[in-house]
Amino acid sequence: MTDLKAKYLDLISGAGDESTLEALRVQALGKKGEISLQMRELGKMTPEERQTAGPALNALKDEINSALIAKKAALGDAALNARLQTEWLDVTLPTRYQRQGTIHPISQVTEEVTAIFADMGFAVAEGPQVESDWYNFDALNIPGHHPARAEMDTFYMSRAEGDDRPPAVLRTHTSPVQIRSMEASGAPTRIICPGRVYRADYDQTHTPMFHQIEGLAIDKDISMANLKWVLEEFVKAYFEVDHVDIRFRASHFPFTEPSAEVDIRCSWEGGTLKVGEGDDWLEILGSGMVHPKVLQAAGVDPTQWQGFAFGMGIDRIAMLKYGIPDLRAFFDSDLRWLRHYGFSALDVPTLRGGLSR
Ligand code: DAH
């Protein structure tokens, strides 16, 4: 019996894996195992012999069982330790930053401008990009013979054969949304309309598709003074500076009377734009008091209501703020450009959180 004990304890401690252990268990304690066979021999013994052999065999069985269980646990621990050795991870290493995509500067600037005007009580309005020539021209006091029609390099859509309505156009500006919005909601109103516009033109500062934002404020007593304050507040917030000088330059648009182009004081010293200082002036938008004929065309009584409108190029103010030299690159979908000029999707522009940080 002492031989058996020494043999099995030795074999068990040398077992290298769980299947060897299981084979040893069967060999010792299984139905036909060596120890089980000896148990069977007990029946043949005298009662005296059995009294010492019986407990000794039971003790041997228990001892081998415990050795098997202990070895099985030890093998499990060793396997886990081996796995932990290969799977360790240094959590103190810096993360590998991989930006998946970016927000296009046009989207970013549209959000920035919207946040600024929303804060001054302007709602966002939209209109179709394929527009009738009535909304794009006539209702804005640009009749058929008006030179502005030719100047705009309009894309005309073709009509089906037999359809003799005037051709639809790709809207050349966001101004038609003024008309649609006043038709739908009347006065008073305060809206901005960002969106795509189209003109047949292509060079460093022109692309056939670009973006504008239109502003419109109509009430009983709105004047150019309100326009000036709103634009000053806008320019300060947008360029993130405390002080700006703006200048109204007399101009002409068919849909406003009087009309003005608006310049901001700036400096180009060292090749970078600084807004609010210096001796240069930079044109940023067209504006004026909405022409009575435009109010009338939109179903608003010009003897009761008046107000201002303005139109601004989103692409242009994006180029100015973010130092982007060529407009055409906006629409090339070059990943290197997008990674360089794009914005993090998590940095939503707000006046409180910061527009561009
Ligand atoms: N629609 C003009 C353009 O595309 C911009 C503009 C000028 C809009 C004056 C206005 C405005 O609302 O009052 O050039």
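Residue indices begin from 1 for each chain and proceed along its sequence in written order. Per-residue local features are limited, in this predicted model, to residues with pLDDT of at least 70; the limit for side-chain atom pairs, both in listing and counting, is 80 or more; totals at the level of whole chains, interfaces and linings are taken over all residues. Excluded from the side-chain calculations are hydrogens and water; all other atoms, namely the structure's heavy atoms, are used.

In the nomenclature of an unreviewed UniProt entry, the protein is known as Phenylalanine--tRNA ligase alpha subunit of Loktanella gaetbuli. UniProt positions are given in the numbering used here, feature names are shortened, and annotations may be inferred rather than shown by experiment. UniProt, in the comment section headed Sequence similarities (unreviewed entry), describes the protein in these words: "Belongs to the class-II aminoacyl-tRNA synthetase family. Phe-tRNA synthetase alpha subunit type 1 subfamily."

In this section: the overall build of the protein. Only DSSP runs of H or I with at least four residues qualify as helices, and only runs of E with at least two residues qualify as strands; both kinds are numbered from the N terminus onward. Broken down by element type, the protein carries 12 helices and 10 strands. Here the C-alpha radius of gyration of the protein, 42 Å, is well above what a compact globule of 357 residues would show, namely 21 Å. For the protein, the proportion of its 357 residues judged to be buried stands at 41%. A fraction of 64% describes how many contacts in the protein between residues 6 or more apart in sequence connect residues 24 or more apart. The atom set for the radius of gyration is the C-alpha atoms, and the globule formula is 2.2 Å times the number of residues raised to the power 0.38. Three exposure classes are used, based on accessible area relative to the maximum for each residue type with a 1.4 Å probe and protein chains only: buried under 20%, partly exposed in between, and exposed over 50%. Here, residues are in contact when the closest pair of their heavy atoms is within 4.5 Å.

Partitioning the protein into domains gives domain 1 (2-85) and domain 2 (105-341). Centre-to-centre separation of domain 1 and domain 2, based on C-alpha positions: 90 Å. Domain delimitation in this document rests on an assignment produced automatically or drawn from a domain database.

Next up on the list: the site of the ligand. Being near a molecule or strand, for a residue, comes down to having at least one heavy atom within 4 Å of it. Close to the ligand lie 15 residues; His173, Ser175, Arg199, Gln212 and Glu214 are nearest. Whenever a nitrogen or oxygen atom comes within 3.5 Å of another N or O atom, the pair is scored as a polar contact, on the condition that within protein one atom can donate a hydrogen and the other can accept it, and that pairs from neighbouring residues in sequence are kept only if both atoms are in side chains. Contact between the ligand and Ser175: a nitrogen atom at 3.0 Å from a side-chain N or O atom of the residue. Between the ligand and the protein, one listed contact pairs an oxygen atom with a backbone N or O atom of Phe310 at 3.4 Å. Where accessible areas are quoted, they stem from the Shrake-Rupley method and a 1.4 Å probe; at the residue level, only the protein chains shown are allowed to cover. For the ligand, the protein covers 91% of the area, taking 350 Å² as the surface of the free molecule.

Below, the discussion takes up the pairing of strand 6 (residues 246-253). At least two bridges found by DSSP between two strands is the condition for calling them paired. Sheet topology note: the strand 6/strand 7 (residues 256-267) ladder contains seven bridges and is antiparallel. Of the residues in strand 7, the one forming a bridge with Arg249 is Glu261. Where strand 6 folds back on strand 7, the antiparallel hairpin that results is connected by two residues.

Okay, the pattern of salt bridges next. One side chain can pair with another of opposite charge once the charged atoms of both are near each other. Salt bridges are defined by distance alone: a side-chain nitrogen of Lys or Arg within 4 Å of a carboxyl oxygen of Asp or Glu. In this structure the tally under the stated criterion is 18 salt bridges. Taking the shortest distance from any N to any O, the salt bridge between Glu261 and Arg249 comes out at 3.5 Å. Note that Glu261 is positioned in strand 7 and Arg249 in strand 6, a separation of 12 residues in sequence. With relative accessibility at 29%, the residue Arg249 sits in the partly exposed group. For the salt bridge of Arg336 with Asp334, the shortest nitrogen-to-oxygen distance reads 2.8 Å. Taken together, the shared-partner salt bridges connect Arg247, Arg249, Glu261, Asp263 and Glu283 into one network.

Moving on to the UniProt feature "domain: Aminoacyl-transfer RNA synthetases class-II family profile" (unreviewed entry) in the protein. The residues that UniProt annotates with the feature "domain: Aminoacyl-transfer RNA synthetases class-II family profile" (unreviewed entry) are residues 107-349. For residues 107-349, helix accounts for 29% and strand for 28%, while the C-alpha atoms at its two ends are 11 Å apart.

This part takes up the UniProt feature "binding site: Mg(2+)" (unreviewed entry) in the protein. In this numbering, the UniProt entry assigns the feature "binding site: Mg(2+)" (unreviewed entry) to Glu257. Along the chain, Glu257 turns up in strand 7. The exposure class of Glu257 is partly exposed, given its relative accessible area of 49%.

What follows deals with unusual backbone geometry. Both trends apply: most residues other than glycine have a negative phi, and most peptide bonds are in trans. Cis peptide bonds are those with omega within 30 degrees of zero, and the linkage from Ala187 to Pro188 qualifies with -5°. Inspection of the secondary structure assignment puts Pro188 in the loop between helix 8 (176-185) and strand 4 (189-198). Residues Glu257 and Pro258 are joined by a peptide bond in cis, for which omega reads -5°. Secondary-structure assignment places Pro258 in strand 7. In this model, Ser333 sits at a positive phi of 60°, which is unusual for a non-glycine residue. One can find Ser333 in the loop between helix 11 (314-322) and helix 12 (335-341).

Here we take up the layout of surface pockets. Each pocket or cavity is described by its volume, and for the second largest pocket that value is around 210 Å³. Considering only residue class, the lining of the second largest pocket consists of six nonpolar, five polar and two charged. Of the two site types, the cavity is a set of points on a 1 Å grid over the protein atoms alone where a 1.4 Å probe fits but cannot get out, and the pocket is an open set with protein on both sides within 12 Å along at least five of seven lines, each lined by residues with an atom within 4 Å of a point. Grid points are joined across faces, edges and corners, and a volume is the space filled by probe spheres set on the points. Residues were grouped as follows: Ala, Val, Leu, Ile, Met, Phe, Trp, Tyr, Cys and Pro as nonpolar; Asp, Glu, Lys and Arg as charged; and all remaining residues, including Gly, as polar.

The length a helix should cover is 1.5 Å for every residue beyond the first. Taking 1.5 Å as the rise per residue, helix 9 (residues 224-239) with 16 residues should run 22 Å; its terminal C-alpha atoms sit 22 Å apart, in good agreement. Looking only at helix 9, the buried set comprises Leu227, Val230, Leu231, Phe234, Val235, Tyr238 and Phe239. In an axial view of helix 9, the angular spread of the buried residues amounts to 135°, which keeps them on one side of the axis. At the N-terminal boundary of helix 9, the capping side chain belongs to Ser223, with an oxygen 3.1 Å from the backbone nitrogen of Ala225. In the segment just after helix 9, Glu240 is the residue with positive phi, at about 55°. Comment: arc refers to directions from the helix axis out to C-beta atoms.

Only Phe, Tyr and Trp rings are paired, with Trp represented by its six-membered ring, and only when their centres lie within 6.5 Å; those with planes under 30 degrees apart are stacked, over 60 edge-to-face, the remainder tilted. Taken as a whole and judged by the stated rule, the model has 12 aromatic pairs. Centre to centre, the rings of Phe234 and Tyr238 are 5.6 Å apart; their planes meet at 15°, and the pair counts as stacked. Remark: Tyr238 and Phe234 occur in helix 9; sequence separation between them is four residues, near one turn of the helix. Its relative accessible area of 0% is what places Phe234 among the buried residues. Here Tyr238 falls in the buried class, since its relative accessible area comes to 0%. Between Trp337 and Tyr341, the aromatic rings sit 4.9 Å apart at their centres with planes inclined by 45°, giving tilted as the arrangement. One end of the pair, Trp337, and the other, Tyr341, are both in helix 12, four residues apart, so they sit about a helical turn from each other. In this pair, the class of Trp337 matches that of Tyr341, namely buried. Among the aromatic residues, those joined into a cluster by ring pairs are Phe117, Phe122, Phe234, Tyr238, Phe239, Phe308 and Phe310. Over the ring of Trp305 we find Lys220, and its NZ or CZ is 4.2 Å from the ring centre. Placement of a positive charge over a ring is assigned whenever Lys NZ or Arg CZ falls within 6 Å of the ring centre and within 35 degrees of the normal to the ring plane.

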